[in-house]
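As a plain string of letters, each chain reads:
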Amino acid sequence: MRKSFGANEVLKGIDIRFRRHETAVIIGGSGAGKTPLLRLLIGLDAPTDGHIWVDGEDIAPLDELELNRVRQTFGMVFQYAALLDSLDVFENVAFPLREHRQQLTKRQLEERVREMLATLGLGGKERHMPSELSGGQRKRVGLARALMLEPQILVYDEPTSGLDPETSRMVDDLIEETRDRFRVTSVVISHDMASCFRIAHRAYLLMDGRVVAEGTPSELADGDNAIAREFIAKSGVAPERVRRLVD
Ligand SMILES: Nc1ncnc2c1ncn2[C@@H]1O[C@H](COP(=O)(O)OP(=O)(O)OP(=O)(O)O)[C@@H](O)[C@H]1O
Ligand SMILES: [Mg+2]
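Values in this document were obtained by computation on a predicted structure and should not be read as measured data. (Residues numbered from 1 in each chain as written. Chains lettered and ligands numbered in written order. Predicted model: local features only at pLDDT ≥ 70, side-chain atom pairs only at ≥ 80, totals over all residues. Heavy atoms only, no water.)

Trainee: What should I look at first to understand the packing of aromatic side chains in this one?
Mentor: Any two aromatic rings considered together are summarised by their centre-to-centre distance and by the angle between their planes. Applying the stated criterion across every chain, the model contains one aromatic pair. Above the face of the Phe90 ring, Arg127 is positioned so that its terminal group lies 4.8 Å from the ring centre. (Phe/Tyr/Trp six-rings, centres within 6.5 Å; stacked < 30°, edge-to-face > 60°. Lys NZ or Arg CZ within 6 Å of the ring centre and 35° of its normal.)

Trainee: Honestly, the sheet that holds strand S9 (residues 202-207) in this entry has me stumped. Any pointers?
Mentor: Sheets are built from strands paired through backbone hydrogen bonds, the pairs being either parallel or antiparallel. With mixed pairing, the six strands of this open sheet are ordered in space as S6-S7-S8-S3-S9-S10. If you trace the sheet from one side to the other, it starts and ends with strand S6 (74-77) and strand S10 (210-215), each paired once. Direction aside, the axes of adjacent strands within the sheet are offset by 20° on average. Alignment of S9 against S10, held across five bridges, turns out to be antiparallel. Bridge pairing in S10 links Ala203 to Gly215. Lying on the sheet, helix H9 (residues 226-235) is in contact with strand S3 (23-27), S9 and S10; it crosses S9 at an angle near 95°. (Pairing = 2+ DSSP bridges. Helix = DSSP H or I, 4+ residues; strand = E, 2+ residues; numbered from the N terminus. Axes fitted to C-alpha atoms, helices over the stretch in contact; angles between N-to-C directions. Contact = heavy atoms within 4.5 Å.)

Trainee: Could you clarify how one ought to interpret the environment of Ala94 in this entry?
Mentor: Secondary-structure assignment places Ala94 in helix H3 (residues 89-100). Of the residues examined, Ala94 reaches a relative accessible area of 0% and is grouped as buried. Sequence-wise, Ala94 and Leu109 are 15 residues apart; in three dimensions their C-alpha atoms are separated by 7.2 Å. (Buried < 20%, exposed > 50% of the residue type's maximum accessible area, 1.4 Å probe, protein only.)

Trainee: I tried to follow unusual backbone geometry on my own but got confused; where do I start?
Mentor: Positive phi, normally seen in glycine, also occurs at Glu150, with a value near 50°. With respect to the secondary-structure elements, Glu150 resides in the loop between helix H5 (135-147) and strand S7 (153-157). Notably, Asp208 is not glycine yet its phi reads approximately 45°, a positive angle. Note on placement: Asp208 falls in the loop between S9 and S10.

Structural measurements only, silent on function.
In structure tokens, the structure reads:
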């Protein structure tokens, strides 16, 4: 699959197969093309060339109406949670249901939102405003919102950036628990190598629009791909010092 913006080719032949119920982490420096790749995956952008298979369906040629259906397969957790600041926690999480599940009664909607908030340890926070929450709580509200439409695939863009180390580790736990509990496939973009080592079944190193290495984190860190070894060495994080949450 390829993607150009005008004359600028930002994805130069990508061939990735994300495995069901696993966590894939995409690493790579600024400008490598990680966010554009993620936007193609969830149907927010179309590739210039090639296919994007989601559950047996090529979404590359779909029109806007069909893409709206496909986008509901995905839950997206944005950097900094991207909550609506003028709405309280309950309304932020209820938002996707109000948009896409208009057949629900008021009571059903309330029940679903409360249940999800309780599941993510946010019971009692319904009427708090986003500004009253900690960074970790905001992430959980963002995740609750992303889970409301019961997505099969959860996509996170830099979930730990801007968080302190302890909160970052809590977010890693949350990503792994969510994958396990909701049986989702996770695709995570990250600059955080410790996070990658903790949660990734497979990692993909993206450089200048190409996947230059892929494998388990330890295969990347200690394998025979010199580019991957060097990229990981520069992060200063040693994989053997990180406690893995998977496998
Ligand atoms: N909507 C767009 N229109 C034009 N060019 C774009 C668009 N989105 C991304 N690009 C180009 O694609 C390239 C890679 O994108 P981007 O910098 O977002 O990658 P990234 O790997 O997500 O980086 P970062 O780690 O900084 O978020 C950049 O050179 C950028 O100019
Ligand atoms: Mg980006």
